[in-house]
Amino acid sequence: MKLVTIIGARPQIIKAAALSRAIRNHYKDQIQEIIVHTGQHYDDNMSQVFFDELQIPRPDYNLHVGSASHGVQTARMTEGIEDILIKEQPDFIVLYGDTNSTLAGAVAAAKIHVPIVHIEAGLRSFNKAMPEEINRIVCDHCSTLLFTPTEAGLENLKREGFPVEEDGVATLRQVQSPTTSTPTIDNPRVFHCGDIMYDNSLHFADIAETKTDIINRLNLSGKPFVLATIHRDSNTDHPERLSAIFKAIIRLSEECRIVLPLHPRTSKLLKTNLDEELQKQVFNNANISLIPPVSFLEMIALERHARLVMTDSGGVQKESYFFKKPCIILRPETEWVEIVQTGNAILADADESRIMQAWQHFKDNPPTSFPEIFGDGHAAEFMLEKIILCKSL
Ligand code: UD1
Ligand code: UDP
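Throughout this description, residue numbers start from 1 for each chain and increase along the sequence as written. Chain letters start at A and ligand numbers start at 1, both assigned in the order the entries are written. Only residues with pLDDT of 70 or above have their local features reported here, since the model is predicted, and side-chain atom pairs are shown and tallied only from 80 upward, although totals for entire chains, interfaces and linings are computed over all residues. In computing side-chain properties, one takes all heavy atoms of the structure into account and sets aside hydrogens as well as water.

(A) Unusual backbone geometry, seen in detail. The phi angle at His 113 is positive, at roughly 65 degrees, despite the residue not being glycine. Residue position: His 113 is located in the loop between α4 (100-111) and β5 (116-119). Note on classification: 1.4 Å probe, protein chains only; a residue is buried when its accessible area is under 20% of the maximum for its type, exposed when over 50%, partly exposed between these limits. Accessibility expressed as a relative area gives 70% for His 113, which makes it exposed. Although it is not a glycine, Asp 349 sits at a positive phi angle of roughly 55 degrees. We count a stretch as a helix when DSSP gives it H or I for four or more residues in a row; a strand needs E for two or more, and each element gets its number in order from the N terminus. With respect to the secondary-structure elements, Asp 349 resides in the loop between β13 (345-347) and α16 (352-364). Overall, the relative accessible area of 15% leaves Asp 349 in the buried class.

Structure, rendered in structure tokens:
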């Protein structure tokens, strides 16, 4: 069986590592994986570092699309992916998450009848101002096999009319073997399988402790610190929102060290969207470490040692839960509703006083219970088993 996997943005490269590893370890005689990098992310520390560190095979194709407006970037990717699909004639295309690379893969594949496997299906923010919400809805509705990481994802797909109950697909892994009907774009099949990012976090957690020295290098050993990331366009592109977040970070820095690996989008926009006075307070603050994007192993070492995580990233929200850390979410809503419902994350939006209240809340009530809501760390093997099964129908 031949799979064409599309990756492009940092989190997709990281997620793809888990599936490629499972193919290598269990299915190398049965599955050929062709990797296509769209080139959406291209700086070494946003792309190459993950291939080196996570042993992801070198991409067979790189479309080098780079940065552009949504329309231009998506169109360039769609054109390139269509050519590759026509040439390679895969059994399935594998798409991750909700970026423009996901959307381009979905549109290219659906129009020429290549069945789509969507990993991280069913997530919804119910906020269509987010480009990711458009991308994930389109991708889900063009897909043949939908792998959803959470209960909430499963419920969302049910609500949108996916034939979940008819197929008996209910709780995690309690999936009945597909019936005799062949899955197609018009007869899609949904699997609730756990989170592929959890596979990676479990696999690399101990490796990160021995293979990185970031905790010592930043002089964090034994010292409490907050790990922060900010990259959503809804925060970076709006001066008032970005300023509110940084005002809170400055206040927090009076109590605790802050480590902030900066996404390139944020690095660029800090200089235009924070006023001079705020920039001075941020850049000349000994307790705020603004650092370039870190590698995945460095990131999970930071997450493991942090006292608290503050982020607008989807992946980092989940990883903070995997490593049992409280999380302040710098967004008005989240797709990962379970981590809020369990009390381990608080939605503080880009609101200085809500961020400070959330900080105080977690200081007074450090979370202690992190129920298993993301599966058992073997989502990738389960997905491959189901892909092979569905292909045989
Ligand atoms: C994209 C995804 C977002 C995901 C994020 C992960 C879309 C619409 N957004 O957002 O869902 O959470 O990736 O990190 O697909 N840039 C560089 N070097 C790079 C990459 C980007 O300098 O290697 C800068 C460019 O100025 C670019 C900007 O970052 O314009 C934004 O990059 P882009 O890929 O368009 O969106 P992200 O904000 O990274
Ligand atoms: N990440 C990383 N280095 C960083 C910041 C994030 O390796 O400097 C990892 C993080 O551990 C997670 C993924 O990137 O696995 C999340 O990607 P990002 O925040 O860019 O996007 P999102 O998940 O919001 O789509």
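Having seen it, we continue.
(B) Geometry of the pairing of strand β9 (residues 257-261). With five of five residues buried, β9 lies mostly within the body of the structure. Here β9 shows a buried face lined by Arg 257, Val 259 and Pro 261 and a second buried face lined by Ile 258 and Leu 260. The pairing criterion for strands is at least two bridges between them, as found by DSSP. Judged from the three bridges that link them, strand β8 (residues 225-229) and β9 form a sheet pairing that is parallel. Pairing of Leu 227 across the sheet is with Val 259, part of β9.

(C) Just the site of ligand 2, in detail. Close to ligand 2 lie 19 residues, the nearest being Arg 232, Val 294, Ser 313, Gly 315 and Glu 319. Residue burial considers only the protein chains on display, and all accessible areas are found by Shrake-Rupley using a 1.4 Å probe. With the chains in place, 95% of the 540 Å² that ligand 2 exposes on its own is no longer accessible. Among the secondary structure elements, those contributing two or more residues to the shell around ligand 2 are α1 (10-26), α13 (296-305) and α14 (314-322). When residues in the shell around ligand 2 are grouped by element, the largest group, four residues, is from α14. Of the residues belonging to the shell around ligand 2, the class tally is 10 nonpolar, five polar and four charged. In this text, near means that some heavy atom of the residue lies within 4 Å of the molecule or strand in question. Residue polarity is assigned by list, with Asp, Glu, Lys and Arg as charged and Ala, Val, Leu, Ile, Met, Phe, Trp, Tyr, Cys and Pro as nonpolar; anything else, Gly included, falls into the polar class.

(D) Representation of the sheet that holds strand β1 (residues 2-7) within the structure. The sheet built from seven strands is open, its strands ordered β3-β2-β1-β4-β5-β6-β7 with parallel pairing. Each edge of the open sheet is held by one strand with a lone partner, namely β3 (61-62) and β7 (189-192). For β1 and strand β4 (residues 92-96), the ladder comprises four bridges, and the chain directions are parallel. The residue of β4 that forms the bridge with Val 4 is Ile 93. Only heavy atoms enter the contact rule, under which two residues are in contact if any of them lie within 4.5 Å. For helices, the fitted line uses only the C-alpha atoms of the stretch in contact; every axis is such a line through C-alpha atoms, and the angle between N-to-C directions lies from 0 to 180 degrees. Contacts from α1 reach β1, β2 (32-37), β4 and β5 within the one sheet, and its direction differs from that of β4 by about 135 degrees. In the packing of helix α3 (residues 70-88) onto the sheet, the strands contacted are β1, β2, β3 and β4, and the crossing angle to β1 comes to about 170 degrees.

(E) Region of interest: the sheet that holds strand β10 (residues 288-291). A sheet is described by the order of its strands in space; here six strands give the open sequence β10-β9-β8-β11-β12-β13, paired in parallel fashion. In the strand order of this sheet, the two ends are held by β10 and β13, each with one partner. Mean inter-strand twist for the sheet, computed between neighbouring axes without regard to direction, equals 20 degrees. Bridge count between strand β12 (residues 327-329) and β13: three bridges; the pairing is parallel.

(F) Up close: the nonpolar core. Core analysis: the largest hydrophobic core is formed by 68 residues, its most contacted members being Leu 19, Ile 119, Phe 147, Leu 302 and Leu 384. Of the residues forming this core, the biggest block, eight residues, is contributed by α1. Setting aside residues up to four positions removed in sequence, Ile 119 forms contacts with Leu 19, Val 94, Leu 95, Tyr 96, Gly 97, Phe 147, Ile 196 and Met 383. Core analysis: the next-biggest nonpolar cluster, separate from the first, contains 30 residues, Leu 262, Ala 348, Ala 350 and Ile 355 among them. Side-chain atoms within 4.5 Å link the members of a nonpolar core, which is a set of buried Ala, Val, Leu, Ile, Met, Phe, Trp, Tyr and Cys residues.

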